[in-house]
Structures are given as C-alpha cells and as structure tokens.
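The primary structure of each chain is shown beneath.
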Amino acid sequence: QLPSKVLLSLDLTTVQLVEKAPTPQAKLAAKLSDEAVQQMLLRDACAAIRSAASDERVVGLVAQLGSTPGADASLAQCQELSDAVSEFRAKKPQGVTIAHADSLGGLHYLLASSFERIYAQPGSLREAVAVLEACVAADVAIIPQGANTALTGASVPREEKCDRPTVVCVYM
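Residues numbered from 1 in each chain as written. Predicted model: local features only at pLDDT ≥ 70, side-chain atom pairs only at ≥ 80, totals over all residues. Heavy atoms only, no water.

Secondary structure assignment for the protein chain yields five helices and eight strands. Starting at the N terminus and ending at the C terminus, the protein chain contains elements arranged as β-β-α-β-α-β-α-β-α-β-α-β-β. When contacts within the protein chain are restricted to residue pairs at least 6 apart in sequence, long-range pairs at least 24 apart make up 73% of them. Accessible area of the protein chain: about 10,400 Å², with a carbon and sulfur share of 57%. (Helix = DSSP H or I, 4+ residues; strand = E, 2+ residues; numbered from the N terminus. Contact = heavy atoms within 4.5 Å. Areas by Shrake-Rupley, 256 points an atom, 1.4 Å probe, with all protein chains shown as cover.)

Shown next, in the form of structure tokens:
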C-alpha cells in the first residue's frame, strides 16, 4: 500500500536513457558484468512523469542530474524529458519540482530549466562560474548557500516563492 503523499524521484546519475529496449542478451550481459548504469527507455521515463502528474498522491518530482549531463543523452532526449516536466508543473501548480546538479552546463541547463527549483553544487571554481553565468544569461534568481556553519548562522534558504526560477548555489 502506497502512502497518501509520494515524491517521484528520477536519478539520471545511474540511468542511461535509450530509445529502444535492449535485447535480452544485452540485459543479461549488463547483469553479469555488474554495470552500475542501468538502461531506461526514454518513453518510460516520460510516461512515468506524465502519469505522476495525473496521480493525486504524487506531490512533487525530484531529479538528480549528476556531474555528467546524462552523459549519453541527446538534445532531443533532454527536450522530451523537459517537456514532460513542464507538463507535470502545468498539471500540478502546487507541486514541487526540484533538480539537483553538480554543474549547469549544456544539456544539464536545458533539462534543469524546466524545474521550479534547481540546486547546484559545483565542485570547482570553474563550475561555480559556469553556474552563475548560466543563471545571469537566463535571468534566474541566485541564492548563494554557505557551509551552514555557525559563522553564517546556519542559513538555509526559506521556502518562499520567487517571481522567477531560482538556483541555490552551494560552494565550499
């Protein structure tokens, strides 16, 4: 039995989006070699997001984009996922949509821009600059997030709505 409220989680750090189903031989080979990356049909991922938009138990969508922007994901695949997320947001205006990315370059930015909130955690100064440049170019609000030490008052961004997309930038 499912709880009355559910968050849909999409972890693209361990999934490779494919357009056609792998053969049984390919599935067996992947299991035998203990591959960390599993294959997922793009249409299944989009269908799950669209289905969740119609399910009253689903209150939000959280996506982990990782450090490589769906390494093998094409522009068309990112656009299809982005469209599905946009449909989710349109059907659930009170729902929460959050994307987490280590950086926001190229295809990461395209996909992340369809979410209401983006949490970025750049691993270097170069990645932090790339996040800020992408935000400025897109007129996105930026909330710098410190290390949550006593020196910053353990600051955590408030849950207030913003008049435009928001990026919380964590850099230590």
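So that's the structure; there's more coming.
Bringing the pattern of salt bridges into the picture now. Note that side chains of opposite charge can pair when their charged atoms are close. Per the counting criterion, the structure on display carries two salt bridges. Between Glu 87 and Arg 50 there is a salt bridge, with the nearest N and O atoms lying 2.8 Å from each other. Placement of Glu 87 in helix α3 (residues 75–91) and of Arg 50 in helix α2 (residues 42–54) is noted, with a sequence separation of 37 residues between them. A residue is classified by how much of its surface remains accessible, and Glu 87, at 34% relative accessible area, is partly exposed. Classification of Arg 50 by relative accessible area gives partly exposed; the value is 31%. (Salt bridge = Lys/Arg side-chain N within 4 Å of Asp/Glu carboxyl O. Buried < 20%, exposed > 50% of the residue type's maximum accessible area, 1.4 Å probe, protein only.)

On the surface, Leu 132, Val 136 and Ile 142 cluster together into a nonpolar patch covering about 250 Å² of accessible area. Residue position: Ile 142 is located in strand β7 (residues 141–145). (Patch = residues over 30% accessible without salt bridge, like charges linked within 9 Å, V, L, I, M, F, W, Y side chains within 5 Å.)

Glancing now at the confidence of the model for the protein chain. Overall, the predicted model of the protein chain reaches an average pLDDT of 78, with 74% of residues at or above 70. Per-element mean pLDDT across the protein chain ranges from 63 in strand β8 (residues 166–170) up to 92 in α2. (pLDDT = per-residue confidence, 0-100.)

Before going further, it helps to examine the environment of Asp 11. Residue position: Asp 11 is located in strand β1 (residues 6–11). Given a relative accessible area of 31%, Asp 11 falls into the partly exposed group. Residues Asp 11 and Leu 65 lie 54 residues apart in sequence; the distance between their C-alpha atoms is 6.7 Å.

Turning our eyes to something else, we now look at the pairing of strand β5 (residues 96–101). It is a general feature of regular strands that their side chains alternate between the two faces of the sheet. Here β5 shows a clear split, with Thr 97, Ala 99 and Ala 101 buried on one side and none of Val 96, Ile 98 and His 100 buried on the other. Note that β5 and strand β6 (residues 117–120) share four bridges and pair parallel. Across the sheet, Ala 101 pairs through a bridge with Ala 120, a residue of β6. (Pairing = 2+ DSSP bridges.)

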